[in-house]
Amino acid sequence: MEGSGGDLLAGGFGGLACVLSGQPLDTIKVKLQTHPHLYRSAYHAVAHTFREEGLRAFYAGATPAVISNVAENAVLFVFYVQCQRLVQWAAGSQDASEMTVLQRASAGSLAAVFSSVVINPPDRIKCKLQVRRQVLAEKVARLHHPAASVANRYMLIQQF
C-alpha cells in the first residue's frame, strides 16, 4: 500500500473541508425533508432556524458528519488507488495513465462500495441530531393534545 498514508491524510482533510463548508446547507435540507409542514421555503427555514436556535443550529450533527466524511474520503482515497490497480490488472494494463475513462470510473465505483459502508451509520446519527428539536416539539404537542389518552402519554414519556 505504497503512498496510502498520504491518500489517507488527503482524504481526511477533504472530508473535513466538505463538512465545514456544507453542513449549514445540509442541516436546512434535512429540516425541509423531515418537516416540510414547518417551512414555506429554504429561506424561511434558514431564517427560522437562526432566529429560534441560533448560529450553532446550522452545525447540529457536525461531529458525526466530520467523522463520517473524514472516514469516507480517507477510505475512498485509499481504496481508489487499490481498485485502480485491480482494474489495471484485469485490463492487462501496466500504467495508470493508460486507463480509459470507463476503467477509471469502474475503479471509482468499486472504491465507493467500501466508503459507503463507512458513511451510513454516522449519517443516520447526524440526521437525527439535526431535527431533534422539531421531533421533541412534535412529541410534546401530541402529549398535551386534549385527545391524547393516558396510555398515549405514558408511551410518549417512555420513548424519551
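One can find the structure itself at the top, above this paragraph.
These figures come from a predicted structure and were not determined experimentally. (Residues numbered from 1 in each chain as written. Predicted model: local features only at pLDDT ≥ 70, side-chain atom pairs only at ≥ 80, totals over all residues. Heavy atoms only, no water.)

A.B. asks: What's the story with the overall build of the protein in this structure? I'm lost.
C.D. replies: The number of helices and strands found in the protein is six helices and zero strands. Helices and strands appear in the protein in the N-to-C order α-α-α-α-α-α. A total of 160 residues make up the protein; the buried ones form 32% of that total. Long-range contacts, defined as pairs at least 24 residues apart, comprise 70% of the intrachain contacts of the protein with a sequence gap of at least 6. (Helix = DSSP H or I, 4+ residues; strand = E, 2+ residues; numbered from the N terminus. Buried < 20%, exposed > 50% of the residue type's maximum accessible area, 1.4 Å probe, protein only. Contact = heavy atoms within 4.5 Å.)

A.B. asks: Is there a simple way to think about the packing of helix α3 (residues 62-91) against helix α4 (residues 101-130) in this case?
C.D. replies: Where α3 meets α4, the closest approach of the two axes is 6 Å, and the angle between their N-to-C directions is 165 degrees. Comparing the axis directions of α3 and α4 gives the class roughly antiparallel. Both α3 and α4 take part in a crossing whose hand is right-handed. Class assignment of the residues belonging to the contact of α3 with α4 gives a composition of 21 nonpolar, seven polar and four charged. (Axes fitted to C-alpha atoms, helices over the stretch in contact; angles between N-to-C directions. Parallel < 35°, antiparallel > 145°, perpendicular 65-115°, else oblique. Left-handed = near helix turned anticlockwise from the far one by under 90°. Nonpolar A, V, L, I, M, F, W, Y, C, P; charged D, E, K, R; others polar.)

A.B. asks: Explain helix α2 (residues 42-53) to me, please; I cannot follow it from the model alone.
C.D. replies: For an α-helix, the turn length of 3.6 residues means that residues three or four places apart are oriented alike. Its twelve residues give α2 an end-to-end C-alpha distance of 16 Å, which sits within 8% of 16 Å, the value for a rise of 1.5 Å per residue. Among all positions in α2, only His44, Ala45 and Thr49 are buried. Projection of α2 onto a plane perpendicular to its axis shows the buried side chains occupying an angular sector of 125 degrees, all on one side. Turned more than 90 degrees off the buried face of α2, the exposed positions are Tyr43 and Arg51. Count one or two residues on from α2 and you reach glycine 54, which has phi positive near 85 degrees. (Expected span 1.5 Å × (residues − 1). Arc of directions from axis to C-beta.)

A.B. asks: Help me understand the pattern of salt bridges, please; the structure alone is not making it clear to me.
C.D. replies: Side-chain pairing between opposite charges can occur once the charged atoms of the two side chains come close. With the rule as written, the count across this model stands at three salt bridges. The closest approach of N and O atoms between aspartate 26 and lysine 29, which form a salt bridge, is 3.3 Å. In this pair, aspartate 26 and lysine 29 are both assigned in helix α1 (residues 4-34), three residues apart and thus about one turn of the helix distant. Looking at aspartate 26, the relative accessible area reads 17%, which means it is buried. When the shortest N-O distance is used, the salt bridge between arginine 51 and glutamate 52 registers 3.9 Å. The exposed category is assigned to arginine 51, whose relative accessible area is 54%. Exposure remark for glutamate 52: the relative accessible area of 40% places this residue in the partly exposed category. (Salt bridge = Lys/Arg side-chain N within 4 Å of Asp/Glu carboxyl O.)

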